[in-house]
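In case you want the letters, here they are:
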Amino acid sequence: MSVRENQLHFDTLKVKAGYDPKQHNNAVSVPIYETASYEIGTAERYDRLAAAEESGYLYSRVSNPTIKVLEDRIAALDHAEAAVAVGSGVAAITFTLLALAEYGGRILTTYQLYGGVVHHMNYLLPRFGVQFDKVENGSSVEDFEKAITEDTKAIYVESVTNPMATVTDIEALAELAHKHKIPLVVDNTLPTPYLLNPIDHGADIVVYSATKGISGHGNAIGGLVVDSGNFDWNNGKFPQFTDENIAIKGRYDNGRSYLEVFGRAAFAGKIRTDYLTNFGAALSPFNAYLILLGIETISERVQKQVRNAHQIAEFLESRPEVEWVSYPGTSYYKYNELAEKYCPYGVGQLFSFGLKGTEENIYKLVNAVKVFSYQLNLGDARSLIANASRTSHGELLPEELKKADIPVNAIRISIGIEDIRDLTNDLAQALEIAFQDTASEALASEGL
Ligand SMILES: Cc1ncc(COP(=O)(O)O)c(C=O)c1O
């Protein structure tokens, strides 16, 4: 785009940022560059590309013109310096944590995290020398501060947590992290850049599962690492950014540091040059195209999802079979103030609720839905439901669920863009089936 992108608003950037048709045969829609490799031209040009003295494409594991549009568009939407697209949300998180904790560092986090990364943090990453400290109360800045050690290399949190939709105090944690000269990393998958901009609140690195609300159609696995460009890597705690690096050695020099080569985009540069290049997990250009297509309508889609989610939360709260609903505005929800501050247009489309009754009732409910589907994605245009403690958070031990404040009877739903009447009718008929044998006696004994 030739106009200054930083003067444009979100809804314009979501369809335009990062793409100049003149550089792509005037194609209006972003072309899909399905190529593994690129003609380099001359041996001298190869040397310049490898030494990062000239920008251009060598090989699509490292960079690709379709993927670059996605990276630049996300960087624009998040007010960031740069972004790197990778093969999945988990790859984005893994690369980020490994890059920060190189040389055996510690990462400080909470129990309130997507279940898939919990196993990772408990068992796998420690074998690579990365250790994790977890605070029980993710809203207590004091607890975070007490847990920081000399070796802590970052604080890692979800902006809105999966599956309870609790909102994190990003500004307070950013202030704490910066006081200790470490970056704040925020997984902003649930609210998406449309509902919350963590960098505006002080976050240094943002990660996404682009599989979810960003693409919004449940058709592509992808991840994004977003570098604010604001963190000072030259503070003595992060030699991996300041030491000479053999990966970006020029023909006649001994190597330069990521900070020297990439400047404010040093973190993104390292993720691309070290992690994407060496560990793989590259996004496919076709998936980048699908994610870009999803981003073009993110505001319109998420607005409707938030409206639907709000009505479904109210509907569920009014039902006698439902014990609690974890969504802003309901009687159970404890994070209303933070939700108002950080997500004034809504926390998103994902939340949880608990049934009175037993696991049998939960099984019957998820088996009885017809419009909702029983599956493990979220942020999809279609509504979905799952018993969280056995599925998305099945990795958590009972005591970890407790520490994460996730009741064992939590049923996670992600609300889509269907007609709200069909969604409420579907849940109503499923609740009736779930309780048809026990309803009269059990609910009557509770005076309902
Ligand atoms: C908050 C959050 N972050 C990251 C991920 C992982 O994303 P992916 O499935 O794209 O690897 C998920 C997946 O559910 C998630 O909910």
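Residues numbered from 1 in each chain as written. Predicted model: local features only at pLDDT ≥ 70, side-chain atom pairs only at ≥ 80, totals over all residues. Heavy atoms only, no water.

Some thoughts on the side chain of Asp 380
Now for step 1: Its place among the elements puts Asp 380 in the loop between β10 (373–374) and β11 (384–387).
Now for step 2: Aside from chain neighbours lying at most four places away, what touches Asp 380 is Gly 216, His 217, Gly 218, Gln 305, Gln 375, Ser 414, Ile 415 and Gly 416. (Helix = DSSP H or I, 4+ residues; strand = E, 2+ residues; numbered from the N terminus. Contact = heavy atoms within 4.5 Å.)

Side note on the domain arrangement of the protein chain
Now for step 1: One can read the domain layout of the protein chain as domain 1 (5–294) and domain 2 (299–445).
Now for step 2: With 44 residues of domain 1 at the interface, the matching set in domain 2 holds 42 residues.
Now for step 3: For the pair domain 1 and domain 2, the interface holds two salt bridges.
Now for step 4: Our count for the domain 1 to domain 2 interface comes out at 21 residue pairs in polar contact (both at pLDDT 80 or more).
Now for step 5: Tallying contributions element by element places helix α5 (residues 115–127) first for the side of domain 1 that touches domain 2, with five residues.
Now for step 6: Its residues placed into classes, the side of domain 1 that touches domain 2 shows 18 nonpolar, 19 polar and seven charged. (Domains from an automatic or database assignment. Salt bridge = Lys/Arg side-chain N within 4 Å of Asp/Glu carboxyl O. Polar contact = N/O pair within 3.5 Å; in protein donor to acceptor, adjacent residues only side chain to side chain. Nonpolar A, V, L, I, M, F, W, Y, C, P; charged D, E, K, R; others polar.)

Re the packing of aromatic side chains
Now for step 1: In total, this model carries 17 aromatic pairs according to the counting rule given.
Now for step 2: Here a set of aromatic residues connected by ring pairs shows up, and it is made of Phe 231, Trp 233, Phe 238, Phe 241 and Phe 267.
Now for step 3: Positioned above the aromatic ring of Phe 238 is the side chain of Lys 153, whose terminal nitrogen or guanidinium carbon lies 5.9 Å from the ring centre.
Now for step 4: Taking the ring centre of Phe 241 as reference, the NZ or CZ of Lys 270 above it sits at 5.9 Å. (Phe/Tyr/Trp six-rings, centres within 6.5 Å; stacked < 30°, edge-to-face > 60°. Lys NZ or Arg CZ within 6 Å of the ring centre and 35° of its normal.)

Comments concerning the nonpolar core
Now for step 1: Ranked by size, the top nonpolar core spans 142 residues in total, and within it Leu 70, Ile 155, Leu 184, Leu 316 and Phe 351 carry the most contacts.
Now for step 2: When residues are assigned to domains, this core turns out to be shared by domain 1 (5–294) and domain 2 (299–445), each giving three or more.
Now for step 3: If we ignore the near neighbours within four places in the chain, the residues touching Leu 70 are Ala 85, Leu 224, Leu 283, Ala 288, Ile 291, Leu 292 and Ile 295. (Core = buried A, V, L, I, M, F, W, Y, C linked by side-chain atoms within 4.5 Å. Buried < 20%, exposed > 50% of the residue type's maximum accessible area, 1.4 Å probe, protein only.)

Concerning unusual backbone geometry
Now for step 1: Cis geometry marks the peptide bond from Asn 162 to Pro 163, where omega comes out at 10°.
Now for step 2: Within the secondary structure, Pro 163 sits in the loop between β4 (152–158) and α7 (170–179).
Now for step 3: The phi dihedral of Tyr 103 falls on the positive side, at around 70°, and the residue is not glycine.
Now for step 4: Positionally, Tyr 103 belongs in the loop between α4 (89–100) and β2 (106–110).
Now for step 5: Residue class for Tyr 103 comes out exposed when judged on its relative accessible area of 61%.

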